[in-house]
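# Structural overview
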Amino acid sequence: MSATVAMHMSDGLINAPTSLIFGGVAVVGMAVAMVGARRDLDDRTAPMAGLVAAFVFATQMLNFPILPGVSGHLLGGALAAILAGPYVGALCVGIVLLVQALVFADGGLTALGANITNMALIGTAAGYLVAVTLRSFATRGRAGLAAVAFLAAFVNTVAASLGFVLQFAMGGDATFSLGGVTATVVGLHALIGIGEGIITALTVTAVAAARPDLVHLLRGTGKPLEIRSAA
């Protein structure tokens, strides 16, 4: 069971057909992200994307304890999407996962597609959907933005863990109870999501305080939004 609680899936955790299916999902998802990122990136936002990717890479290398013998790390999907947009955010996380797998052996190569699907696609999309839905609340002040960033990051982490549960149900070791795996993985990642939410809220509000025009969620489709002070 201990092998199933880490978000970075290792080789052999799911069978070959399931790995191939989600490898295809990851390829298609990253291709869509590349198309969207080309539309979103310009001379002003490209440096932010680079900084986001570097920050996600660094924070994913740092683990924090959750329970004895269990640690977690920032997934970064919601953070990347809020700062750089959903397409750029997904691409940043996907590239980070690729480098980690190839250079640091963090996550198996056969499971790379599943890891990208969970963390770069499902997690990022879920977190950004929450942030966009609550966008009007995020513009009410720093507290509102922090709350939205926290919730988006929490949902990002739990949604990514549910992606793992789906993959395990399709091609995992049948000797493990699916109910037990679900309770363990989702429960632990709900705890990890609290830490992720705090880090994301602190980072997003710090960037917004200095340069709100560089926060994708606050830019929208028109002129940059100002974070109004709380009443």
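Please refer to the structure placed before this passage.
A brief look at the structure comes next. (Residues numbered from 1 in each chain as written. Predicted model: local features only at pLDDT ≥ 70, side-chain atom pairs only at ≥ 80, totals over all residues. Heavy atoms only, no water.)

### A word on the side chain of Thr 124
To keep it simple, the criterion reads: Per the convention used, a helix needs a DSSP run of H or I reaching at least four residues, while a strand needs a run of E reaching at least two, with both numbered from the N terminus. The contact rule is simple, with two residues in contact once any of their heavy atoms fall within 4.5 Å.
Tracing the chain through its elements places Thr 124 in helix α5 (residues 112–133). The contact partners of Thr 124, leaving out residues within four places of it in the chain, are Gly 77, Ala 81, Pro 86, Gly 89, Ala 90, Val 93, Met 119 and Asn 156.

### Re helix α4 (residues 86–103)
Heads up, the condition is: Multiply 1.5 Å by the residue count of a helix minus one, and that product is the helix's expected span. For every residue, the accessible area (1.4 Å probe, protein chains only) is compared with the maximum for its type, and the residue is labelled buried under 20%, exposed over 50%, or partly exposed between those bounds.
In a regular helix each residue adds 1.5 Å, so 18 residues correspond to 26 Å; α4 covers 26 Å between its end C-alpha atoms and thus fits that length. For α4, the complete set of buried residues consists of Val 88, Gly 89, Ala 90, Leu 91, Cys 92, Val 93, Gly 94, Val 96, Leu 97, Gln 100 and Ala 101. Turning to α4, the residues buried within the fold contact α1 (16–40), α2 (45–60), α3 (77–84) and α5.

### A look at the environment of Gln 60
On the secondary structure map, Gln 60 appears in helix α2. Using a relative accessible area of 2% as the deciding quantity, one classes Gln 60 as buried. Put simply, Gln 60 and Gly 76 are 16 residues apart on the chain and 7.9 Å apart in space, counted from C-alpha to C-alpha.

### Looking at the packing of α2 against α3
Spelled out, the test is: Note on geometry: axes are lines fitted to C-alpha atoms, helical ones only across the stretch in contact, with angles between N-to-C directions running from 0 to 180 degrees. Oblique is the label for any angle not under 35 degrees, not over 145, and not in the 65 to 115 range, which are roughly parallel, roughly antiparallel and roughly perpendicular in turn. Residues are grouped as follows: Ala, Val, Leu, Ile, Met, Phe, Trp, Tyr, Cys and Pro are nonpolar; Asp, Glu, Lys and Arg are charged; every other residue, Gly included, is polar.
It is the contact of α2 with α3, at a shortest axis distance of 10 Å, that shows an interaxial angle of 170°. As judged from the angle between their axes, α2 and α3 are roughly antiparallel. Residues Met 48, Val 52 and Phe 55 of α2 form the contact with α3, whose participating residues are Leu 79, Ala 80, Leu 83 and Ala 84. In the contact of α2 with α3, the residues fall into seven nonpolar, no polar and no charged.

### Thoughts on the pattern of salt bridges
Convention followed: For this analysis, a salt bridge means a side-chain nitrogen from Lys or Arg found within 4 Å of a carboxyl oxygen belonging to Asp or Glu.
The tally for this structure, following the rule as stated, stands at one salt bridge. Across the salt bridge formed by Asp 213 and Arg 211, the nearest N and O atoms sit 2.8 Å from each other. Residue classification places Asp 213 among the buried residues on the basis of a relative accessible area of 16%.

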